[in-house]
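Reading the structure
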Amino acid sequence: MRRRRCCCCWGPAALLLLPLGLGSLLAAKVNKHKPWIETSYHGIITENNDTVILDPPLVALDKDAPVPFAGEICAFKIHGQEMPFEAIVLNKTSGEGRLRARSPIDCELQKEYTFIIQAYDCGSGPGGTNWKKSHKAVVHIQVKDVNEFSPAFKESMYKASVTEGKIYDSILQVEATDEDCSPQFSQICNYEIVTTDVPFAIDRNGNIRNTEKLSFDKQHQYEIMVTAFDCGQKRATEDVLVQVNVKPVCKPGWQDWNKRIEYRPGSGSIPLFPSIHLETCDGPVSSIHTTIELQTNYIGKGCDRETYSEKSLQKLCGASSGAIDLLPSPSTTTNWTAGLLMDSNDMIFKFDGKQGAKIPDGIVPKNLTDQFTITLWMKHGPSPGLRAEKETILCNSDKTEMNRHHYALYVHNCRLVFLLRKDFDQADTFRPAEFHWKLDQICDKEWHYYVVNVEFPVVTLYMDGTTYEPYLVTNDWPIHPSHIAMQLTVGACWQGGEVTKPRFAQYFHGSLASLTIRPGKIESQKVISCLQACKEGLDINSLESLGQGIKYHFNPSQSALVMEGDDIENINQALQKVSYINSRQFPTAGVRRLKVSSKVQCFGEDVCISIPDIDAYVMVFQANEPKITITGMDHFARPAAQFESERGVILFPDIRIVSTVTKMEHPLDLREHDRVNKQVVVEEMLHNLDFCDVLVIGAELDPEQECLELDHGELQGKHLDATNSTAGYSIYGVDSMFSYEQVLRQLRYRNWGTSATSDRKFRVKCSELNGRYTSNEFNLEVSKEFSWKVNILHSSNSNFMDHVNHMIFQPKFLQSVQHPEGSVSAVPSSVVPSVATMVIIVCVSVLVLVVTLGVLRLRSARQHGSLGHEGPKDNEMDWDDSALTITVNPMEKYEKPHQTEEESEEEDIDDEEEDTTSAESDDSEEEEEEEEVIVQKGNKQNATRQEQLEWDDSTLPY
């Protein structure tokens, strides 16, 4: 029988497990469904941002809703390795979620992301048990780019070369890149040329082309700046440089030469084209002919020549003496050129067809011998009209009554004609009278040097050192003798007869210089070449190093050089050795033009290529101007016996001529340069002089009582000559300053007349380059010494006392001059005392010192013993000076120009004391009056006055 069991019969354990079993059954019944999401998602995220925009939005659904937990979404999970994203639940009930980046996304690192996502519900209870997940959905995310990078060019600089005269479709291509990830921002959409006004253009692909034909002569190289833009219109941070070199079309010609060549005085010979070479464009050259011309016709008289006077130049070149300068510088003795137009720098006289000059009588001998020479510089242009009248250079014609021309040099229709009519007493037959030369240079408006050598009946013309024989010689009868005087003229001919009033005629149009006539002698070819030689010209450095097969030729003035050869390299080397030289110490500053012309011949052809000429110039800088200074003793006195002696007195025993030049130097230190811009440096320099004049100041010398003398033996061996007159002494010629010093130190002055003045003043002035640079005016004053007896001291030797005075009171106008070592002249100075005189001076000085000490002691004792006693002090100064003698030095009568008031007061006091003491004897009064007359005369002459000696006679024996 079945037993029935009831529930109340279960035990405690069974009762406890009962609720758990019921819960499980209930949970299984509550969370029945899995969450649901879309199968795929597409998202976009902007780089450097964390928000992802999904399509469709991230939403999970659960059919268990609205059951708590089972119908709610608790999480989204992403499956993938290290994905930089995370999904969060925004609303558990609605199942909304959001996808975001855990860190900023960089598009340049990764443009797209793909991963798996699932949704999870909350399970069946708060503990999240029995959760369920959705199916897997694919998420594809694209990163949106930001234009954060600028374009950058691949090269730092681009270079290209083009040939001139062509248009190019593309010269070169520039390329830029952009690091952005998207096509919009990573692609270069545009290029642009930044530089303005250039003949170039660029397209979108970076291709550069020229917009016009380029010329090498116009510009050798172009530099342009180019920039780039990406498709977001962001510009490159740095533009790129593009260099386009223009290559010339092969043109024959000289290459690598400078148009300007600088020349500084004293540089010697400098090469003109040290790197020049000829480009023949590979032509089959067989020979090269090149001419180099130095064009200096606008400098001075055709080129840079010495600007000394004609006399000095002739002496320098060794010409015969006796030349007479017909166009000298205007002066008191040569005043006939004072009214002419003149360029003083180069001694050039310009004649405009309206003026002439009369040469005074006696300048040129009346009748020239059968031998004489006429020299001149002439610049002449074409004469106006077809039948122009004669243009007279030099003419000797009748002064009055008649119109006969005795000799003349003139230009007629661009022909040079020399006329020489002999007198009947010289020749009585039909003789040559007119000599004609037809030369193109006579009317080319250029300077030329003409020399007419007359060895009658032969007349020879030298022009620029080249000999020319007359093309026509006409004969004439001699001139009948007459008593009519002759007039020598320059620039026109004097018409003394056949007119109502004598006047000039046949005027000259042009420029003349250095017109001289030398009677009795003719010039040699050597002297003529020297007189017309240029001091500048072309030169070749190292003739020995010229290549083989090079032929060259200079013209006489070395202003043109012709070179010829068959090897291009040898011609190049030869032309590189051509140089410019200027031997003048003070050259004429300015431009010297250069022209190089060439002809090239090829094999089998006369002329194959054309070589353009070279036009260049030499710039000669100005030389530093020298300062010529003359120094020496400017005053001395001598006994009358020396002036009256046969040798007289040497005027300038210690004269010194020094020339200095001032230069500006820039400091090397830039900081010092800021403080002191320039430093002045004075340097002594050596150069020649061309004359020194010793002029008499005041009345001229009286030839019956005084004169200046110089032994002409002192001029031997030097390029010097001298002239003497009552106005002074002139030494001229081109020689060194030392030679002039030697001669001036031997110049003597004699004064043997009693009525002649006892004082004389002389002035010395020297010149270089005919007055272009002059020295200071050095003045010298000399005095005769006279003696008067004054009862002060016993002495029979006036010269001795003179020296004593000089030793005690040195004249304040005497200045010691320091000379460089070795510069002191060996000429003995007449002012230096002999050894015996020096011994006497020392002895007397000691004696005077002892006497002075004794006087001082006695005066001190007398003053000490006379304290408390009143009486005139004049008695203390009385002495008996009848037996004393003093020599008054004329040197003591000159007063210092800037004497102070205190010195004047002291001298006045001394004068008063002397007047008081000299009142005791008649003899002393007379001598004092004579001395006062001398002092007054000295004051009028503004000379230095010495202080008077004051003596105490208390110790003198009576």
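Every value quoted in this text rests on a predicted model; they were computed, and no experiment measured them. (Residues numbered from 1 in each chain as written. Predicted model: local features only at pLDDT ≥ 70, side-chain atom pairs only at ≥ 80, totals over all residues. Heavy atoms only, no water.)

**A look at the overall build of the protein chain**
Regarding its fold elements, the protein chain presents twelve helices and 59 strands. When each of the 958 residues of the protein chain is scored for burial, the buried share is 42%. In the protein chain, 72% of the contacts between residues at least 6 apart in sequence involve partners at least 24 apart. Only carbon and sulfur atoms are counted for the fraction: they give 51% of the accessible area of the protein chain, which is about 52,000 Å². (Helix = DSSP H or I, 4+ residues; strand = E, 2+ residues; numbered from the N terminus. Buried < 20%, exposed > 50% of the residue type's maximum accessible area, 1.4 Å probe, protein only. Contact = heavy atoms within 4.5 Å. Areas by Shrake-Rupley, 256 points an atom, 1.4 Å probe, with all protein chains shown as cover.)

**Brief notes about the side chain of Asp121**
Mapped onto the secondary structure, Asp121 falls in strand E6 (residues 112-121). Buried Asp121, no salt bridge; nearest opposite-charge side chain is Lys132, N-O distance 6.6 Å. Polar contacts involving the side chain of Asp121 include one to the main-chain amide nitrogen of Gly123, which spans 3.2 Å. In this structure Asp121 touches Asn31, His33, Pro35, Asp62, Phe69, Ala70, Glu72, Ile73, Cys74, Trp131 and Lys132, once residues within four positions along its chain are discounted. (Lys, Arg positive; Asp, Glu negative; His and termini not counted. Salt bridge = Lys/Arg side-chain N within 4 Å of Asp/Glu carboxyl O. Polar contact = N/O pair within 3.5 Å; in protein donor to acceptor, adjacent residues only side chain to side chain.)

**Quick notes on the sheet that holds strand E47 (residues 649-650)**
Across the sheet, which stays open at both edges, the three strands sit in the order E47-E54-E51 with antiparallel pairing between neighbours. Each edge of the sheet is formed by a strand with only one pairing partner; in this case those strands are E47 and strand E51 (706-709). Two strands pair when backbone bridges link them, and E51 and strand E54 (residues 748-751) are joined in this way by four bridges, in the antiparallel orientation. Bridge pairing links Cys707 to Arg750 in E54. (Pairing = 2+ DSSP bridges.)

**Some words on the pattern of salt bridges**
Inspection of every chain in the model, using the stated rule, returns 24 salt bridges. Close ionic contact of Arg592 with Glu536 constitutes a salt bridge, the shortest N to O distance being 2.7 Å. Placement of Arg592 in strand E43 (residues 590-602) and of Glu536 in strand E39 (residues 536-540) is noted, with a sequence separation of 56 residues between them. Its relative accessible area of 5% is what places Glu536 among the buried residues.

**Remarks on the confidence of the model for the protein chain**
With 77% of its residues at a pLDDT of 70 or more, the protein chain has an overall mean of 78. Below pLDDT 50 for its whole length, residues 670-676 participates in five contacts with residues either more than four positions away or in separate chains. Residue range residues 864-958 is modelled with pLDDT below 50. Its contacts to residues more than four positions away, or to other chains, number 143 contacts. (pLDDT = per-residue confidence, 0-100.)

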